[in-house]
Amino acid sequence: MTLLEPYLPPNPESDEGNVVTSEGGYAEGGALYALGLIHGSYAGSSADKRDETYQFLLKHLRNSHANEPISHGSALGVGLTALGTNKLEVLSELKELIYTDSAVSGEAAGIAIGLVLVGSGAGNVRHNLDSPDADEINEIISEVKTYAKETQHEKIIRGIVMGIALINYGQEENADYVIDEMRGDRDPLMRYGAQYTLALAYCGTGSNKAIRILLHTAVSDVSDDVRMAAVIGLAFVLYKTPSRVPELVKLLLESFNAHVRYASCMAVGIAMAGTGDAESVALLEPMLSDMADFVRQGALIGTSLIYMQQGDMCNDKKSKSFREKLASLVGDKHQTNLTKMGAILATGIIDAGGRNCSFDLGSKNGYTKMTSAVGAALWLQHWYWFPMMHMFSLAITPSFTIGLNKDLKYPKGFEIQCNSKPSAFSYPKRLEEKKEEKKKRVETVTLSTTAKNKARLARKKAKEEDDGDDKMEDVKNEEKEGSAEEKMEVEGEADKEEMEEKETKLKKKREPEPLFYGLPNPCRITKAQAEFCTFDLDQRYRPIRTEEKPQGVIILTDSSPEEEEDLGTVKPPSIESEDEAGPPEPFEWTPPEEDNSSTSRAQEETTDSEN
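Residues numbered from 1 in each chain as written. Predicted model: local features only at pLDDT ≥ 70, side-chain atom pairs only at ≥ 80, totals over all residues. Heavy atoms only, no water.

Student: Explanation requested: the pattern of salt bridges in the structure shown.
Tutor: Proximity of charged atoms lets side chains of opposite charge pair with each other. The full count for this structure, using the stated rule, is 17 salt bridges. A salt bridge links Arg62 to Glu93; the shortest N-O distance between them is 3.3 Å. Here Arg62, found in helix α2 (residues 47–63), pairs with Glu93, found in helix α4 (residues 88–98); they are 31 residues apart in sequence, far enough to count as distant. Since its relative accessible area comes to 40%, Arg62 is described here as partly exposed. Lys549 is the salt-bridge partner of Glu531, the closest N and O atoms lying 2.7 Å from each other. With Glu531 in the loop between β7 (523–524) and β8 (533–535) and Lys549 in the loop between β9 (541–543) and β10 (552–558), this pair connects stretches of sequence that are 18 residues apart. Relative accessible area serves as the criterion here: at 54%, Glu531 is assigned to the exposed category. (Salt bridge = Lys/Arg side-chain N within 4 Å of Asp/Glu carboxyl O. Helix = DSSP H or I, 4+ residues; strand = E, 2+ residues; numbered from the N terminus. Buried < 20%, exposed > 50% of the residue type's maximum accessible area, 1.4 Å probe, protein only.)

Student: Which parts of the structure should I look at to understand a positive patch on the surface?
Tutor: On the surface, a cluster of positive charge is made up of Arg456, Arg459, Lys460 and Lys463. Structurally, the position occupied by Lys460 is in helix α21 (residues 448–464). For Lys460, a relative accessible area of 49% gives the class partly exposed. (Patch = residues over 30% accessible without salt bridge, like charges linked within 9 Å, V, L, I, M, F, W, Y side chains within 5 Å. Areas by Shrake-Rupley, 256 points an atom, 1.4 Å probe, with all protein chains shown as cover. Lys, Arg positive; Asp, Glu negative; His and termini not counted. Charge placed at Lys NZ, Arg CZ, Asp CG, Glu CD.)

Student: Sorry, what's going on with the nonpolar core here?
Tutor: Side chains of nonpolar character tend, in soluble globular proteins, to be buried together. Judged by nonpolar contacts, the single largest core of 144 residues is most densely connected at Leu94, Phe236, Leu305, Phe359 and Met391. Setting aside residues no more than four positions away along its own chain, Phe359 makes contact with Ile270, Ala273, Leu305, Met308, Ala376, Phe392, Ala395 and Ile396. Judged by nonpolar contacts, the second largest core, of 14 residues, contains Cys418, Ala530, Tyr541 and Leu556. (Core = buried A, V, L, I, M, F, W, Y, C linked by side-chain atoms within 4.5 Å. Contact = heavy atoms within 4.5 Å.)

Student: Teacher, can you tell me more about helix α6 (residues 134–150) here?
Tutor: Think of an α-helix as turning once every 3.6 residues; residues three or four places apart then point the same way. Taking 1.5 Å as the rise per residue, α6 with 17 residues should run 24 Å; its terminal C-alpha atoms sit 25 Å apart, in good agreement. Within α6 the residues assigned to the buried category are Ala134, Ile137, Asn138, Ile140, Ile141, Val144, Tyr147 and Ala148. Elements that come into contact with the buried residues of α6 comprise α4, α5 (103–116) and α7 (154–167). (Expected span 1.5 Å × (residues − 1).)

Student: How should I be thinking about the pairing of strand β3 (residues 400–404) in this particular structure?
Tutor: Across a regular strand the side chains alternate sides, sitting on one face of the sheet and then on the other. Counting buried residues along β3, four of its five residues qualify, which places the element largely inside the surrounding structure. In this structure, β3 lies alongside β10, joined through four bridges in parallel fashion. By the bridge assignment, Gly403 is partnered in β10 with Ile554. (Pairing = 2+ DSSP bridges.)

Student: Could you clarify how one ought to interpret the packing of aromatic side chains in this entry?
Tutor: Aromatic ring pairs: the centre-centre distance and the angle between the two ring planes describe each pair. Under the counting rule described, the total for this entry stands at twelve aromatic pairs. Here the aromatic rings of Tyr99 and Tyr147 are separated by 5.3 Å at their centres, their planes lie at 55°, and the arrangement is tilted. A residue pair is termed long-range when its members are at least 10 positions apart, and Tyr99 in the loop between α4 and α5 and Tyr147 in helix α6 qualify at 48 residues. Here Tyr99 falls in the partly exposed class, since its relative accessible area comes to 34%. One aromatic cluster is present, formed by Tyr192, Tyr196 and Tyr384 through successive ring pairs. (Phe/Tyr/Trp six-rings, centres within 6.5 Å; stacked < 30°, edge-to-face > 60°.)

Student: Help me understand the confidence of the model for the chain in this model?
Tutor: Any residue range with low pLDDT should be treated as having predicted coordinates unsuitable for detailed reading. Here the chain shows a mean pLDDT of 82. Residues at 70 or above account for 81%. For the stretch residues 596–602, pLDDT sits under 50, and the model shows one contact to residues farther than four places along the chain or on other chains. (pLDDT = per-residue confidence, 0-100.)

Student: Help me out: how do you make sense of the sheet that holds β7 in this one?
Tutor: Hydrogen bonds between backbone atoms are what pair the strands of a sheet, whose relative direction is either parallel or antiparallel. The four strands lie next to each other as β7-β3-β10-β9, forming an open sheet whose pairing is mixed. On the outer flanks of this sheet lie β7 and β9, each paired with one strand and no other.

Student: Explanation requested: the packing of helix α3 (residues 68–81) against α5 in the structure shown.
Tutor: Helix packing for two helices is described by the angle between their axes and how far apart those axes are. Where α3 contacts α5, the two axes come as close as 8 Å, and the packing angle between them is 5°. For the element pair α3 / α5, the angle class is roughly parallel. Taking contact as the criterion, the partners of Glu68, Ser71, His72, Ala75, Leu76, Gly79 and Leu80 in α3 are, on α5, Ala103, Val104, Ser105, Ala108, Ala109, Ile111, Ala112, Leu115 and Val116. A breakdown of the residues in the contact of α3 with α5 according to their chemical character gives eleven nonpolar, four polar and one charged. (Axes fitted to C-alpha atoms, helices over the stretch in contact; angles between N-to-C directions. Parallel < 35°, antiparallel > 145°, perpendicular 65-115°, else oblique. Nonpolar A, V, L, I, M, F, W, Y, C, P; charged D, E, K, R; others polar.)

Student: Would you mind going over helix α11 (residues 224–237) with me for this structure?
Tutor: End to end, α11 covers 21 Å across 14 residues, agreeing with the expected 20 Å (1.5 Å per residue, within 8%). Counting buried positions along α11 gives twelve out of 14 residues, so the element sits mostly inside the fold. All of the buried residues along α11 are Val226, Arg227, Met228, Ala229, Ala230, Val231, Ile232, Gly233, Leu234, Ala235, Phe236 and Val237. On the buried face of α11, the contacting elements are α9 (188–201), α10 (208–220), α12 (244–249), α13 (258–271) and α19 (370–379). Two or three places before Asp225, at the opening of α11, Ser223 has a side-chain oxygen 3.5 Å from that residue's backbone nitrogen. (Polar contact = N/O pair within 3.5 Å; in protein donor to acceptor, adjacent residues only side chain to side chain.)

Student: I keep staring at the side chain of Thr526 and nothing clicks. Help me out?
Tutor: By the element assignment, Thr526 lies in the loop between β7 and β8. Residues contacting Thr526, with those up to four places away along its chain left out, are Gln309, Phe425 and Gln551.

Student: Honestly, unusual backbone geometry in this entry has me stumped. Any pointers?
Tutor: The phi angle of most residues is negative, glycine excepted, and most peptide bonds adopt the trans form. Here the residue pair Asn521 and Pro522 is connected by a cis peptide bond, since its omega of -5° sits within 30 degrees of zero. Tracing the chain through its elements places Pro522 in the loop between β6 (517–519) and β7. Despite not being glycine, Glu172 shows a phi value in the positive range, around 50°. Mapped onto the elements of the fold, Glu172 is located in the loop between α7 and α8 (176–183). Judged by relative accessible area, Glu172 falls into the partly exposed class, the value being 31%. Phi at Arg355 takes a positive value of approximately 65°, unusual for a residue other than glycine. Mapped onto the elements of the fold, Arg355 is located in helix α18 (residues 352–355).

Student: Help me out: how do you make sense of the packing of α2 against α4 in this one?
Tutor: α4 packs onto α2 with a crossing angle of 30° between their chain directions and a minimal axis gap of 10 Å. When the interaxial angle is binned, α2 and α4 end up roughly parallel. Helix-helix and strand crossings are classified by hand; for α2 and α4 the assignment is left-handed. Facing Tyr54, Gln55, Leu58, Leu61 and Arg62 of α2, the residues of α4 in contact are Glu89, Val90, Glu93, Leu94 and Leu97. The residue inventory of the contact of α2 with α4, partitioned by class, reads six nonpolar, one polar and three charged. (Left-handed = near helix turned anticlockwise from the far one by under 90°.)

Student: Would you mind going over the sheet that holds strand β5 (residues 416–418) with me for this structure?
Tutor: The three strands are arranged β6-β5-β8 in an open sheet whose pairing can be described as antiparallel. In this open sheet, the two strands that pair with only one neighbour each are β6 and β8. This sheet shows a mean twist of 40° between the axes of neighbouring strands, independent of strand direction. With three bridges connecting them, β5 and β8 associate as antiparallel partners. The residue of β8 that forms the bridge with Gln417 is Thr534.

The following block contains the structure:
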């Protein structure tokens, strides 16, 4: 909050006389939104700090109805800080903000309601609300749904339907009634929300029913936005089997509808993010030169998602050429605004988090990450509202690997073996500014002044002496010899320089790359790199679970605890001790002994069967 303090609006309670006006407020609203993004991740702040930020944002939400940008930022911020908390007080405030019938504020309030109730199934016959306020919360949801059918503001309707989609995250069959009701509505915005509700309700399940509905909608609905949402929804349902997505959308990439082509590019990018898959890149390559500028934008974003955390050697160095293409598009004055915007976004995505973050909807253990799915769904709304671009930060995950001992310190001597060449998964080279090479003037032999002087002297001598003709011939011969000698000297110097350059190039010849190398502790291990990494069980520190992939936090055992250790200390997170239970006391576990009665009974049964 200290960093954003110069931009935050004054506290409505502490500063008397500060009345929120309808003018300005863009910097203040953006600062409130940024506070929500910072504290939206539970790993990034302590419970006390998050609660303090929530109360701060809630005060501004109550007192900022007159200013659209501030109320918009405070609504999204309070929704992110209260993510999945099901708090009634904030839901009541957000409902009142929707009833102001302000398009910008109403859209943010609708999304914020979904963030507060994400995955709860509120409003359905069966829900996950255990609080005593469950009836009041269900009543608020029914009122908001009714308001969505009555208002004329498209932004408010879109915000409410996206909120409903978030509420039904992971509900599967429990959300079928809501999905069917929204799919049958005449309003295309309600049908648009139905596609995202279906995608989030069945996220990662691979449900054939959901895929069938999405594909049918993608080719039959009369609204371009609905068809686009249906195609993108395929990536959410099938993210655990990503190779199926390019197969399904292969024909849709050739559709006459530009919105379907754009959505197909985004679906392939989301499903195959961070894989560097050559076939997926080949599918999107023709879209980079599509007639529609927003299709080119989608192809650039989709390709950048695929090339996340990939080195320059990926896909026969095509990733390097793609980076160069992005740099040229950003500076090209002849490109349309949407194409340049896609190139700028792609440049940020491909290097997200300093190339240390991956876009993945699931964890390494196969579970769907709620924050990643929510962040991806809201990030895709930047098609309609640019501030939603920042939701991308919720969808990315750091690709770190660290081995810890029993005291949660990392041994510096622990290594992970990577069975590939170092260049295969290395960081791309940093961009260097091209230095303007000064053109070197070629040295040429010019004897203009000397030739004239010699000729003048020769003429004088010729006049003085009668044998002038013979003297002139001698002078000319001397000039030719002199020029030839100087030319030979210049050519000799050039040959020497070329030989020296060849010698330096031969010296700089790279040594053959090793076929394996060790990764220090801690380090970055990407999803693709983890397939080539193994544990060296002959070293001092060994993982407790040797069969799992070397990603994330690895607990180690010390085979020689009597020796001195070289340890590094991890900076403790901001979560305080009272926020979670303390570690259990040390104990020894022994396997239970077999019950004698059960064994004797089993022996009797075997003897009876033999008889």
